[in-house]
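Residues per chain, in single letters:
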Amino acid sequence: WIYRYLSFILYPSMSRMDNSGDLVLPKAVRPQDQQARQDVSVQELEILAEIQDLQHRLWRLQSGADAHSAHNIDSASETSADRKRRLIVVSNRLPLSAARDSESGELTFRMSSGGLVTALNGMKEDMDFLWVGWIGTAVDEEDQPEVLRKIKKKYGPSLVPVFLPDEIVDLYYNGFSNDVLWPLFHYQPLPSFKEGAERKFELDMWHAYVEANQMFAEAVSKVYKPGDVVWVHDYHLMVLPMLLRRSLNKCKIGWFLHIPFPSSEVFRMLPVRREVLEGVLASDLIGFHTYDYARHFLSSCTRVLGLECSPKGVEYRRRFVSIGVYPIGIDPEHFTANLRALKTQKRIEKLCKMFKGQKILLGVDRLDYIKGVPHKLLAFERFLKRHPEWVGYVVLIQIAVPSRTNVGEYQMLSSQVNELVGRINARYGTLNYTPIHYINRSVDINELCALYNVADGAVVTSIRDGMNLVSYEYVVCQNEKPPGMSPGLLLLSEFTGSAQSLSGAIRINPWNIEQVAHWIYEALNLSDVERELRHSKLYRFVTTHTASYWAKSFVTELADASALNYQSTSLEIGSSLTGLKLESASLPIRQLLSGYRKAKRRLILITLEDTLAPADKMPIGNLPSSVKVNLRTLAKDPKNIIYIISSTTQQHLTALLGNSRCGLAAEHGYYYRPQVSTSNEGKIKNENDWLSVDPDENANIKNTAWKLSVIPVMSYFTERTPGAVVEQQELSVAWHYQNADSDFGAWQAKDLQVHLEDISSNLPVEVYQMKKRVEVRHVKAKKSLFADKLLLKLQEEKQEADFVLCVGSGRSDDNLLQVFVHLQEVIQANDKAIPEYKQAPLGLSASANIFCFKVGLEARGRSGLHTLDTIAHVRELVSIVADFGNKIKDSTDT
């Protein structure tokens, strides 16, 4: 109410509140261009800053009050509040099976089952959820309202259908998703180079894919409410997070991949690889079944987009995208209940009688080329050939559920499997014995549980599989074996995601037919004791890592990941001045402007590389003219002492900023050229006007004998690291590997650092591991030493600064920032100390205002530092301060 009161007092006829309670100022008050900014007085700007800071503090107070109130309510109320949280699940298909009546043509629906459905059913008590997806069939536009009505009437408002035209479905689903992404992610060639592929990759497929994703985004936007969590699923919707981020910037978005993510060497074959990665990276949390898939994704981000990654995630466009591993599970109680059903128990009795005296091996697969069914049949044939004594005493029951039967490749696969089954049965079968019982259809749940239960072993030979939950189902159903039977064994392909979780299984390589045949033999002869040990280990994992556990884990970590990116409200004082929104944790813009206005002597230190300009564009790069104008504006103010500090040489820095009037500090601050002021203007003309931090050490500095030890080592690693280069400057030598292979370059850099530290222990240098480079630098080349020199000079001349703005980035600027963080601590300690114990801050007044900013997310949470997300925000901050300085000057002149 205080905020509203102040707002309407200041602008009674022009102010209004938007839906969120924020003040919306008229254009005359919140200008959008440079000309309009000139019409706003200093007093109005300060009032705006005060108001928006008050809004920020009131928001935090309100949040604290809400949290306190929530903490004190009873458990029943807490449960009720939790249910108000909403999860929006987005997948390619709704959990519906649609069928059109042959006579009336009307659509009928029935709920379908699946791992995702099971997982979400386990979360109903914790949160409400909506499900957005395609219904699986085309619906004419005029019939869509009726279909919506039917679905809502039968299943309630929780299912939100997306209607896709037939032409989009064909190119998006059958084309790009299943003919391009599916085979590529399973290490199969692109359709352009795949024998038997019915159509080739075309950009029309990609355009349809983006268009379909846009339709999903529009459907989500219609039902989204602030605070909702959006969970996007699988490879069909890889650009949806980016499309949602454009329209719902503060939305909490998670994306999970249910299939393998391939090695970067394979993924790079995708023609639209950048676009796909950028689409996914708009999420707050990205989930995979295994660490291998996560590692491949991060490697692709590095090799395709040039991003620096860590095992926890990747920093991308001012946000940290978290990466997690979440192996999905099943609902064990569902299978246990079906196993105990009377119908299943009767079927188990029949199967035991039918296969009395024989061992049963079971295979349950969808008839897809990634499932390795031919590999399994060949291995079983090799087993019978190597061990003829088992002929007549072991059978393989293979269930192959038909898939994509209208696609030529799948038809060829079906013919190949039929041929193998016929050949093996003809060779080893008799009137009383059939080696392979081939079931080319789906079976009901009772039949499936009965087969799982009586099988002495399950064989999974997938050549690539995201997870493979058949292995989980088999383990659960093996827990209650018929009397006198020991638990069966699980032979599991090492190329399935579940192989990394199920340590009690026998891992096999389906491409090694002899090895699989050998392990079939070993499994059939394994002792009962080892069978029990392996089964208990498997059963313990499957029953604890369930589908609901997987879903809850992901949603919980999604909340944490999104909180990392949106942990504070954004201050928009920057936008009211320049049109760009500074979004960082608690930026003290109001205090900074207030301190700037009151200061009599200001010290401004800004580093160049990765602060004002990208390091990889230096030293030959350039700065935008607007940045140079703002720097020149700050330098012209007689109250300001401003220096731009760089790691580059005097010549390059002079060429870049020689006309800015700013003080320049090159070679990490050892050489500096004073700021151009009214007293020295015309005297500073060229590079010979540079001074040094320690003139007494100039002779020693010029002695570069240490380079004779360093450069040969760097040259040795350069020869063995394609793309690496050595850069020499007077006080430093750097080994750059930004153009080398990222992984190999980083590995070589670590090795190089060890060698350099060994040889430099008695040399006047220090070794630094920096971003994409290893640098050996003279001990006198430190930005902190330059800062100490400036502060000492201010103190000697009795011109102590009462305002400091220091902006840096990366590890190389930490020592500079730490100088002023320490002085800030001294000033704060003086406020509480008795007079005789107070310390005078070097070169600063006793009540100086110090503001330290660092670029990059790693600065978040560090004491004394404020975060600026990007170089653009640094430039914006400089623009804000320069503009404000102009207002102060104009006001004073008036």
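Residues numbered from 1 in each chain as written. Predicted model: local features only at pLDDT ≥ 70, side-chain atom pairs only at ≥ 80, totals over all residues. Heavy atoms only, no water.

1. A look at the overall build of the chain
Summing up its helical and strand segments, the chain has 31 helices and 31 strands in all. Counting over 894 residues, the chain shows a buried share of 54%. Of the accessible surface of the chain, which amounts to about 41,000 Å², a share of 50% is contributed by carbon and sulfur atoms. (Helix = DSSP H or I, 4+ residues; strand = E, 2+ residues; numbered from the N terminus. Buried < 20%, exposed > 50% of the residue type's maximum accessible area, 1.4 Å probe, protein only. Areas by Shrake-Rupley, 256 points an atom, 1.4 Å probe, with all protein chains shown as cover.)

2. Considerations on unusual backbone geometry
In this structure, Arg404 takes a positive phi of about 50 degrees despite not being glycine. Looking at the element boundaries, Arg404 is found in the loop between β15 (394–401) and α16 (408–428). One non-glycine residue, Asp610, adopts positive backbone phi at about 60 degrees. With respect to the element layout, Asp610 can be found in the loop between β20 (602–607) and α24 (625–636). Of the residues examined, Asp610 reaches a relative accessible area of 24% and is grouped as partly exposed.

3. Focus on the confidence of the model for the chain
The pLDDT averaged across the chain works out to 84; a share of 83% of its residues lies at or above 70. This stretch, residues 59–83, has a pLDDT under 50; its non-local contacts, to residues over four places away or in other chains, come to 11 contacts. Confidence over residues 568–585 falls short of pLDDT 50; this stretch has 55 contacts with residues more than four positions distant or in other chains. (pLDDT = per-residue confidence, 0-100. Contact = heavy atoms within 4.5 Å.)

4. So, helix α13 (residues 332–340)
Buried residues of α13: Pro332, Phe335, Thr336, Asn338 and Leu339, and no others. The arc that holds the buried residues of α13, viewed along the axis, is 165 degrees, so those residues lie on one side. Turned more than 90 degrees away from the buried face of α13, the exposed residues are Glu333 and Arg340. Buried residues belonging to α13 abut α14 (342–354), α17 (445–454), α18 (470–477) and α20 (528–544). (Arc of directions from axis to C-beta.)

5. Considering the pairing of strand β12 (residues 313–316)
Taken together, the two bridges between strand β11 (residues 309–310) and β12 define a ladder with antiparallel strand orientation. Along β12, the bridge assignment pairs Ser310 with Gly313. Between β11 and β12, which follow one another and run antiparallel, lie two residues. Here β12 pairs with strand β13 (residues 319–325) via four bridges, running antiparallel. (Pairing = 2+ DSSP bridges.)

6. A closer look at the packing of α17 against α18
Their axes nearest at 8 Å, the elements α17 and α18 cross at an angle of 70 degrees. As the angle between them shows, α17 and α18 are arranged roughly perpendicular. Where α17 approaches α18, its residues Leu448, Cys449, Tyr452 and Asn453 are matched on the opposing element by Val470, Glu473, Tyr474 and Cys477. Of the residues contributing to the contact of α17 with α18, the split by class is six nonpolar, one polar and one charged. (Axes fitted to C-alpha atoms, helices over the stretch in contact; angles between N-to-C directions. Parallel < 35°, antiparallel > 145°, perpendicular 65-115°, else oblique. Nonpolar A, V, L, I, M, F, W, Y, C, P; charged D, E, K, R; others polar.)

7. Some remarks on the pattern of salt bridges
Applying the stated criterion across every chain, the model contains 28 salt bridges. One salt bridge connects Arg382 with Glu514, and the closest N-O pair in it is separated by 2.7 Å. You can see Arg382 sitting in helix α15 (residues 373–386) and its partner Glu514 sitting in helix α19 (residues 513–524), a full 132 residues away along the chain. On the basis of relative accessible area, Arg382 is assigned to the partly exposed category, the value being 28%. (Salt bridge = Lys/Arg side-chain N within 4 Å of Asp/Glu carboxyl O.)

8. As for the sheet that holds strand β8 (residues 229–233)
Taken in spatial order, the nine strands of this open sheet run β7-β6-β3-β8-β9-β10-β13-β12-β11, and their pairing is mixed. If you trace the sheet from one side to the other, it starts and ends with β7 (159–162) and β11, each paired once. Relative to β7, strand β6 (residues 128–134) runs parallel, the two sharing four bridges. Within β7, the residue paired with Gly133 across the bridge is Pro161. Against the sheet, helix α12 (residues 291–305) makes contact with β10 (285–288), β11, β12 and β13, and its axis sits at roughly 150 degrees relative to β13, the strand it touches most.

9. Comments concerning the packing of α15 against α19
Here α15 crosses α19 at 65 degrees, and the two axes come no closer than 8 Å. In the crossing of α15 with α19, the sense of the turn from one axis to the other is right-handed. Between α15 and α19, the residues in contact are His375, Leu378, Ala379, Phe380, Arg382, Phe383 and Arg386 and Ile513, Glu514, Val516, Ala517, Ile520, Tyr521 and Leu524, respectively. (Left-handed = near helix turned anticlockwise from the far one by under 90°.)

10. Topic: the sheet that holds strand β19 (residues 506–508)
Pairing is parallel in the open sheet, where six strands are placed in the order β16-β15-β14-β17-β18-β19. Either end of the sheet is taken by a strand with one partner, and the two such strands are β16 (436–439) and β19. Strand-to-strand twist of the sheet, defined as the mean angle between neighbouring strand axes without regard to direction, takes the value 20 degrees. Here two bridges tie strand β14 (residues 359–366) to strand β17 (residues 457–460), and the two strands are oriented parallel to one another. Bridged to Leu362 within β17 is Ala458.

11. Let's talk about the packing of aromatic side chains
Inspection of every chain in the model, using the stated rule, returns 31 aromatic pairs. On the basis of an interplanar angle of 45 degrees and a centroid distance of 5.1 Å, the ring pair of Trp231 and Trp550 is categorised as tilted. Residue Trp231 is located in strand β8, and its partner Trp550 is located in helix α21 (residues 547–565); the two are separated by 319 residues in the primary sequence. Trp550 matches Trp231 in its accessibility class, with the two residues each being buried. Look at Phe256 and Trp550: their rings are 5.1 Å apart centre to centre, the planes differ by 80 degrees, and that puts the pair in the edge-to-face class. You can see Phe256 sitting in strand β9 (residues 252–256) and its partner Trp550 sitting in helix α21, a full 294 residues away along the chain. (Phe/Tyr/Trp six-rings, centres within 6.5 Å; stacked < 30°, edge-to-face > 60°.)

12. Considering the pairing of β10
Burial of β10 is two-sided: the residues Leu285 and Gly287 facing one way and the residues Ile286 and Phe288 facing the other way are all buried. Inspection of the sheet shows β9 paired to β10 by three bridges, in the parallel sense. Within the sheet, the bridge partner assigned to Gly254 lies in β10 and is Leu285. Bridge count for β10 against β13 is four bridges, and the pairing is parallel. Within β13, the position partnered with Gly287 by the bridge is Gly324.

13. Observations regarding helix α27 (residues 707–719)
An α-helical turn contains 3.6 residues, so a residue and the one three or four places further along point in the same direction. Spanning 13 residues, α27 covers 18 Å between terminal C-alpha atoms, matching the ideal 18 Å at 1.5 Å per step. Among all positions of α27, only Lys707, Val710, Ile711, Val713, Met714 and Phe717 are buried. Here the buried residues of α27 occupy an arc of 165 degrees about the axis, which is enough to place them on one side. Opposite its buried face, α27 presents the exposed residues Leu708 and Glu719, each directed more than 90 degrees away. Where the residues of α27 are buried, they touch β25 (725–728), β26 (732–736), α28 (742–759) and β28 (773–778). (Expected span 1.5 Å × (residues − 1).)

14. Considerations on a negative patch on the surface
A surface patch of negative charge is lined by Asp140, Glu141, Glu142, Asp143, Asp166, Glu167 and Glu211. Position of Glu211 relative to the elements: it lies in helix α8 (residues 203–223). A relative accessible area of 40% places Glu211 in the partly exposed class. (Patch = residues over 30% accessible without salt bridge, like charges linked within 9 Å, V, L, I, M, F, W, Y side chains within 5 Å. Lys, Arg positive; Asp, Glu negative; His and termini not counted. Charge placed at Lys NZ, Arg CZ, Asp CG, Glu CD.)

15. Describing the side chain of Gln358
Within the secondary structure, Gln358 sits in the loop between α14 and β14. Accessibility expressed as a relative area gives 19% for Gln358, which makes it buried. Residues within four places of Gln358 in sequence aside, it is in contact with Gly392, Tyr393, Val395, Tyr433 and Asp456.

16. Observations regarding the environment of Ser498
With respect to the helices and strands, Ser498 occurs in the loop between β18 (489–493) and β19. With a relative accessible area of 0%, Ser498 lands in the buried category. Excluding residues that lie within four positions of it along the chain, Ser498 makes contacts with Met467, Asn468, Ser471, Tyr472 and Leu492.

17. A word on the environment of Trp206
Among the structural elements, Trp206 can be located in helix α8. Using a relative accessible area of 10% as the deciding quantity, one classes Trp206 as buried. With 31 residues separating them in the primary sequence, Trp206 and Gly175 have C-alpha atoms 8.6 Å apart. Leaving out residues up to four positions away in the same chain, Trp206 has contacts with Phe176, Val239, Val272, Glu275 and Val276.

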